[in-house]
Amino acid sequence: MGKGGGCFPSKNKIAKTTNKYANSATKSTSAADTTVLSPTKNLKVFIVFYSMYGHVESLAKRMKKGVDTVDGVEGVLYRVPETLSEDVLVHMQAPPKDDNILELPSPLELADADGFLFGLPTRYGCMAAQMKAFFNSTGLLWKEQKLAGKPAGFFVSTGSQGGGQETTAWTAITQLAHHGMLFVPIGYTFGADMFDMDSIRGGSPYGAGVFAGDGSRKATETELALAEYQGKYMAAVVKKLAHV
């Protein structure tokens, strides 16, 4: 798995562009072009997310911790571009973003990953506009099917228990389908904590989740543990597919 359109890295790497939303024509490469995976290659899981108040970000950081526990796999954190002006963010009382987490330079960078975990804040039961704008910017990758065959999962944040913990991931699967990507849910593999009814907990068979409430509620240790587990689970899947 890697830089190509199939389950193995392509010989032809997409040229980078400084325009985040560029769809300019480049030389087309076949999704069937493959090379033998180097045994020393460090597989990469890109954890790509948007977080206005830090709830999704907290899950993303624990997911990286989980990914990094799997030998030979590295988690890489990226933010998607902000679509709101600074004035609007100030009015919404959004805290400053963590400068240690870089914004994804270009959607074309996705071709370098072997697997993905996408963090999706919820707006009316679907992904936030910032994430949708990001997926809309991947047209060139879609045109050449550069992401086909690569596994991907979702994690979410909602304001309430009925706010879209499952529908946000469910409706986002269409993005993966058009790219030919493989949706990897966690099911109930997390074990007994998936059935715990004694405390409020985000997350579902689709992936980890957090309840933000009015914005003041922080992720619980159970929610963070599920995120860490999902990172480890995805890393194991990526590693397995890379050596099929």
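Residues numbered from 1 in each chain as written. Predicted model: local features only at pLDDT ≥ 70, side-chain atom pairs only at ≥ 80, totals over all residues. Heavy atoms only, no water.

Chemist: Explain the packing of aromatic side chains to me, using residue names and the numbers behind them.
Modeler: A complete count under the given rule lists 11 aromatic pairs for this structure. With 5.2 Å between their ring centres and 20° between their planes, tyrosine 188 and phenylalanine 195 make a pair best called stacked. Given a relative accessible area of 47%, tyrosine 188 falls into the partly exposed group. By relative accessible area, which is 54% here, phenylalanine 195 ends up exposed. Three or more aromatic residues link up through ring pairs in this structure, and these residues are Phe46, Tyr78, Phe116, Phe118, Phe134, Phe135, Phe154, Phe183 and Tyr206. (Phe/Tyr/Trp six-rings, centres within 6.5 Å; stacked < 30°, edge-to-face > 60°. Buried < 20%, exposed > 50% of the residue type's maximum accessible area, 1.4 Å probe, protein only.)

Chemist: Give me the pattern of salt bridges: which residues, what numbers.
Modeler: What the rule picks out here adds up to 9 salt bridges. Residue lysine 61 pairs with aspartate 98 through a salt bridge whose shortest N-O separation is 3.1 Å. Pair noted here: lysine 61 is in helix H1 (residues 55-68) and aspartate 98 is in the loop between helix H2 (86-91) and strand S3 (115-123), with a separation of 37 residues, a long-range link. Owing to a relative accessible area of 37%, lysine 61 belongs among the partly exposed residues under this scheme. Note that arginine 62 is salt-bridged to glutamate 221, the shortest N-O span being 3.0 Å. Remark: glutamate 221 occurs in helix H6 (residues 221-242) and arginine 62 occurs in helix H1; sequence separation between them is 159 residues. Salt bridges sharing partners connect three or more residues here, namely Glu57, Lys61, Arg79 and Asp98. (Salt bridge = Lys/Arg side-chain N within 4 Å of Asp/Glu carboxyl O. Helix = DSSP H or I, 4+ residues; strand = E, 2+ residues; numbered from the N terminus.)

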